[in-house]
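Residues per chain are reported as follows:
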Amino acid sequence: MPEEYQHICVVRAFVKWVLISGLTEGYLFRKIRANDRLAEENEPMTSEQFLEMFRNNLLDIGVDFVPYGTHSFRRGGCQWLSVERRWPLRQICEWGGWSQEFTHLTIVKYLISWNDNPHVDRDDFFNMNRTPTTVCPTCNRSCHCA
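Rules of the game
- Residues numbered from 1 in each chain as written.
- Predicted model: local features only at pLDDT ≥ 70, side-chain atom pairs only at ≥ 80, totals over all residues.
- Heavy atoms only, no water.
- Helix = DSSP H or I, 4+ residues; strand = E, 2+ residues; numbered from the N terminus.
- Expected span 1.5 Å × (residues − 1).
- Salt bridge = Lys/Arg side-chain N within 4 Å of Asp/Glu carboxyl O.
- Buried < 20%, exposed > 50% of the residue type's maximum accessible area, 1.4 Å probe, protein only.
- Contact = heavy atoms within 4.5 Å.

Student: Any chance you could break down helix H1 (residues 10-21) for me, citing the residues and the numbers?
Tutor: In this model, H1 (twelve residues) spans 16 Å end to end at C-alpha, consistent with the 16 Å of a helix rising 1.5 Å per residue. Trailing H1 by a residue or two, Gly 22 shows a phi angle of about 75 degrees, which is positive.

Laid out in structure tokens, this is it:
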């Protein structure tokens, strides 16, 4: 990945985790014990523990965790690839491992959701005089908090 995307590069994250954790064998993502310590035994982190930790991270930064779950990462990736990177649907489906027949429209569940933040009012879709939407660098939404 280019340098400007190093913060989302899976390979870089993997290498950093291996170096920081000091793991040389067994599960890469082990259970976390009290005081943020890795489990000494070779026991994998469960999806329930991951979800709890993820939701605690959201609370730490003041975000309501209720609309988010483990699929938020997949949804966020799909939306980013579609909106920011302008990938075609077929390419996103191939990346996500979904069928490209579009009979079940799984991709739609990831691209559109009830908790999305629409950027443009419907009445302004073709309003050529509207003010361009500016995305807030703090919360990644169009808002007044920046």
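Student: Talk me through the pattern of salt bridges; I want residue IDs and the actual numbers.
Tutor: With the rule as written, the count across this model stands at four salt bridges. Note that Lys 31 and Glu 43 form a salt bridge whose closest N and O atoms lie 3.3 Å from each other. Linking Lys 31 in the loop between H1 and strand S1 (32-33) with Glu 43 in the loop between strand S2 (37-38) and helix H2 (47-60), this pair joins segments that are twelve residues apart in sequence. Here Glu 43 falls in the partly exposed class, since its relative accessible area comes to 28%. Salt-bridge contacts for Glu 41 lead to Arg 33; the nearest nitrogen and oxygen are separated by 2.1 Å. Residue Glu 41 is classed as partly exposed on the basis of its relative accessible area, which comes to 37%. Shared partners join several salt bridges into a network, and the residues in it are Lys 31, Arg 33, Glu 41 and Glu 43.

Student: Give a detailed account of the environment of Lys 31, specifying residues and quantitative values.
Tutor: Separated by 14 residues in the primary sequence, Lys 31 and Met 45 place their C-alpha atoms 4.0 Å from one another. Aside from chain neighbours lying at most four places away, what touches Lys 31 is Arg 37, Leu 38, Ala 39, Glu 43, Pro 44, Met 45, Thr 46 and Gln 49.

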